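Coordinates in review
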Amino acid sequence: MKLGFIGMGNMATALCRGFIASNGIKGEDILAFAPNREKLERHANEIGFKCAASSVEVTDGSDVIIMACKPYQIDDVLSEVKDHLKGKALVSVAAGWNYDKYMEYVDSDVRVQFVMPNTPAMVGEGVLLFEDKNSLNDREREEIMKLFSSTGIVVEMPSKLMGIGGAITGCGPAFADMYIEAYADAAVKYGIPRKEAYTLVSQTMLGSAKLQLETNEHPGVLKDNVCSPSGTTICGVAALEKAGFRSACIESIEAIMNKNN
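Computed from a prediction, not measured in an experiment: that's the story for all the values here.

Points about the overall build of the protein
In terms of regular secondary structure, the protein is built from eleven helices and eight strands. Across its three principal directions, the C-alpha atoms of the protein cover 70 × 40 × 30 Å. Burial statistics for the protein: of 261 residues in total, 38% are counted as buried. For the protein, the accessible surface area stands at approximately 14,800 Å², while carbon and sulfur atoms represent 55% of it. When the 26 positive and 34 negative side-chain charges of the protein are each reduced to one mean point, those points stand 3 Å apart.

Here's the deal with helix α7 (residues 162-189)
Given a rise of 1.5 Å per residue, 28 residues ought to cover 40 Å, and the 40 Å separating the end C-alpha atoms of α7 matches this to within 8%. Taken as a whole, α7 carries its principal kink of about 50° at Gly172; the proline Pro173 stands between one and four residues after it. Every buried residue belonging to α7 is among Met162, Gly165, Gly166, Ala167, Thr169, Gly172, Pro173, Ile180, Ala184 and Ala187, and all of these are buried.

Quick word on the pattern of salt bridges
As enumerated under the stated definition, the model contains eleven salt bridges in all. The salt bridge involving Arg37 is made with Glu41; its shortest N-O contact spans 2.9 Å. Separated by four residues within a single helix, Arg37 and Glu41 lie in helix α2 (residues 37-47), roughly one turn from each other. Where Glu241 meets Arg246, a salt bridge forms, and the shortest distance between an N and an O atom there is 2.8 Å. Here Glu241 falls in the partly exposed class, since its relative accessible area comes to 38%.

Remarks on a nonpolar patch on the surface
Taken together, the side chains of Leu161, Ile164 and Ile168 make up a nonpolar region of the molecular surface, amounting to roughly 230 Å² of accessible area. Turning to its location among the elements, Ile164 is positioned in helix α7. Classification of Ile164 by relative accessible area gives partly exposed; the value is 32%.

Some points on the nonpolar core
In this structure, Leu3, Phe5, Leu15, Phe19, Phe49, Ile66 and Phe148 are the most contacted members of the largest nonpolar core, which totals 32 residues. Among the secondary structure elements, those contributing two or more residues to this core are β1 (3-6), α1 (10-21), β2 (30-33), α2, β4 (64-67), β5 (89-92), β7 (126-131) and α6 (138-149). The element that contributes the greatest number of residues to this core is α1, accounting for seven residues. Among all residues touching Leu3, those that are not within four sequence positions of it are Phe19, Ile25, Asp29, Ile30, Leu31, Ser62, Val64, Ile66 and Leu147.

A closer look at the pairing of β1
Side-chain alternation along β1 places Leu3 and Phe5 on one buried face and Gly4 and Ile6 on a second face that is also buried. Pairing of β1 with β2 involves four bridges; the strand directions are parallel. Looking at β2, one finds that Phe5 is bridged to Ala32. The pairing of β1 with β4 spans four bridges and is classified as parallel.

Thresholds applied
- Within any chain, residue numbers begin from 1 and follow the written order of that chain's sequence.
- Thresholds applied to this predicted model are a pLDDT of at least 70 for local features of residues and 80 or more for the giving and counting of side-chain atom pairs; totals over whole chains, interfaces and linings are not thresholded and use all residues.
- Only hydrogens and water are set aside; all other atoms, that is, all heavy atoms of the structure, feed into the side-chain values.
- Every helix listed is a DSSP run of H or I at least four residues long, and every strand listed is a run of E at least two residues long, numbered separately from the N terminus.
- For each residue, the accessible area found with a 1.4 Å probe, counting protein chains only, is set against the maximum for its type, and the residue is called buried under 20%, exposed over 50%, and partly exposed in between.
- For accessible areas, the Shrake-Rupley method is used with a probe of radius 1.4 Å. Any residue's cover is judged against the shown protein chains and nothing else.
- Charge assignment in this entry is limited to Lys and Arg as positive and Asp and Glu as negative, and neither His nor the chain termini are counted.
- Just so you know, the charge point we use is NZ for Lys, CZ for Arg, CG for Asp and CD for Glu.
- A helix is expected to span 1.5 Å for every residue after the first.
- Bend at a residue means the angle formed by two fitted axes: the first through the 7 residues ending at that position, the second through the 7 residues beginning there.
- Here a salt bridge means any side-chain nitrogen of Lys or Arg lying within 4 Å of a carboxyl oxygen belonging to Asp or Glu.
- Patch membership requires more than 30% relative accessible area and the absence of a salt bridge. Residues of like charge join within 9 Å; the nonpolar side chains Val, Leu, Ile, Met, Phe, Trp and Tyr join within 5 Å.
- Buried Ala, Val, Leu, Ile, Met, Phe, Trp, Tyr and Cys residues that are joined via side-chain atoms within 4.5 Å together make up what is termed a nonpolar core.
- Contacts between residues were defined by any pair of non-hydrogen atoms, one from each residue, lying within 4.5 Å.
- By this definition, two strands are paired if DSSP reports at least two bridges between them.

See below:
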């Protein structure tokens, strides 16, 4: 498979790093274009892909094109490459550009798949949401899903749930980072050096998430297992409840969904 990236921002670099690091595809089989040539070449040297001089060059030289530029740029990009997309597979990782929207812009012989990835794909721990509505052929979709699965967990999602799914998985890393920073600040306040504080909190979050995934236990059960009667953990839980921790989490998602509406 020859893979092309149009756009090489944070999400594209995360995917590209993940694809290559996991041996999902060789760097020499990836061609990418972005307007900032200096930044593109820097990423190419770091990650190992090849640079193209234009979006058209990427499209002509690739079997599968990943549209990874900003959503507001896609209209202009499509007008530039539309005639070069005939018979190609187009995978969009730009928020809001789902299957139905693309089909308003491209010919029916362009095979389209909307995917919502997240940045942990860079270290092989991403969540890749595949919209169930698509026009890829079966073999092609299987190959593309396999490639994306090399960077994390692939989840097929109904079109109507892609918005909320993306809010959880796409925005969630930022919220997790805020959690890490806040608890590391608390650790530093009580004497733990900053570097060690981040290690302690991040590994605790990673381990807790892995424990839930592998045991499939309800998070409440896992929480209860740590809360001894009159113990320290339940005091911390009570403080979080008093501060509205859970409702703040829910409201953060509501803010995103209301913005999108």
